[in-house]
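A look at the structure
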Amino acid sequence: MAMVFQISGDGTLIFKGDEKVIEKAGEFDVSSVDVSRYRADAGALSRLFNDAESRGKEKAQEYVALKAKFIERQALIQLERNKPKVSHAPAISTAAIRGL
């Protein structure tokens, strides 16, 4: 089975094909699983998905926890992108040079 990950035009994350891995993980507290050894990026997520498909419940839970971390990180990135762009005043202005 393959997992498909897409970001829509408005920044919405779309995951397809990981339902069986999520089902295999069962009910658990996502914060109780340590995924600090993984980077929260799409590459690590896809590699862990492949491991979770062929291995036991522990890898499936790691996948679900990393997916939650990945979604959280992407939401923060989207918030930063949506902030208005602010241009800063130059450090040295003409008025400062003239002594005004």
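Residues numbered from 1 in each chain as written. Predicted model: local features only at pLDDT ≥ 70, side-chain atom pairs only at ≥ 80, totals over all residues. Heavy atoms only, no water.

Quick look at the overall build of the protein chain
Quick note on the threshold: By definition, any uninterrupted DSSP run of H or I lasting at least four residues is a helix, any uninterrupted run of E lasting at least two residues is a strand, and each is numbered from the N terminus. Atoms counted for the radius of gyration: C-alpha only. Globule rule: 2.2 Å times the number of residues to the power 0.38. Burial here depends on accessible area, computed with a 1.4 Å probe over protein chains only, as a share of the maximum for the residue type. Under 20% is buried, over 50% is exposed, and the range in between is partly exposed. Residues are treated as being in contact if the distance between any of their heavy atoms lies within 4.5 Å. In this description, accessible areas are obtained by the Shrake-Rupley approach with a 1.4 Å probe, and a residue is regarded as covered only by the protein chains that are shown. The sign given to each residue is positive for Lys and Arg and negative for Asp and Glu; His and the chain ends receive no count. A charge is said to be at NZ when it belongs to Lys, at CZ for Arg, at CG for Asp and at CD for Glu.
Broken down by element type, the protein chain carries 4 helices and 2 strands. If you list the helices and strands of the protein chain from N to C, you get β-β-α-α-α-α. For 100 residues, the compact-globule estimate of 2.2 N^0.38 gives 13 Å, and the protein chain exceeds it by more than 25% at 21 Å. Across its three principal directions, the C-alpha atoms of the protein chain cover 70 × 30 × 20 Å. Burial analysis of the protein chain (100 residues in total) assigns 27% to the buried set. Sequence-distant contacts in the protein chain: of pairs separated by 6 or more residues, those separated by 24 or more amount to 67%. In the form shown here, the protein chain has an accessible surface area of approximately 7,200 Å², with 54% of it arising from carbon and sulfur atoms. Across the protein chain, the 16 positively charged side chains and the 14 negatively charged ones have centroids separated by 8 Å.

What to know about the pattern of salt bridges
Filter applied, for reference: For this document, the term salt bridge refers to a Lys or Arg side-chain nitrogen within 4 Å of an Asp or Glu carboxyl oxygen.
Evaluation of the coordinates by the stated rule reveals 5 salt bridges. A salt bridge links aspartate 41 to arginine 39; the shortest N-O distance between them is 3.9 Å. The class of arginine 39 is exposed, set by a relative accessible area of 63%. A network of salt bridges, in which partner residues are shared, links Arg37, Lys59 and Glu62.

As for helix α3 (residues 57–82)
Quick note on the threshold: Given a helix with a known number of residues, its expected span is that number minus one, times 1.5 Å.
The terminal C-alpha atoms of α3, which comprises 26 residues, lie 37 Å apart, in line with the 38 Å expected from a rise of 1.5 Å per residue. Looking at the buried positions of α3, the neighbouring elements they touch are β1 (4–7), β2 (13–16), α1 (19–25) and α2 (42–54).

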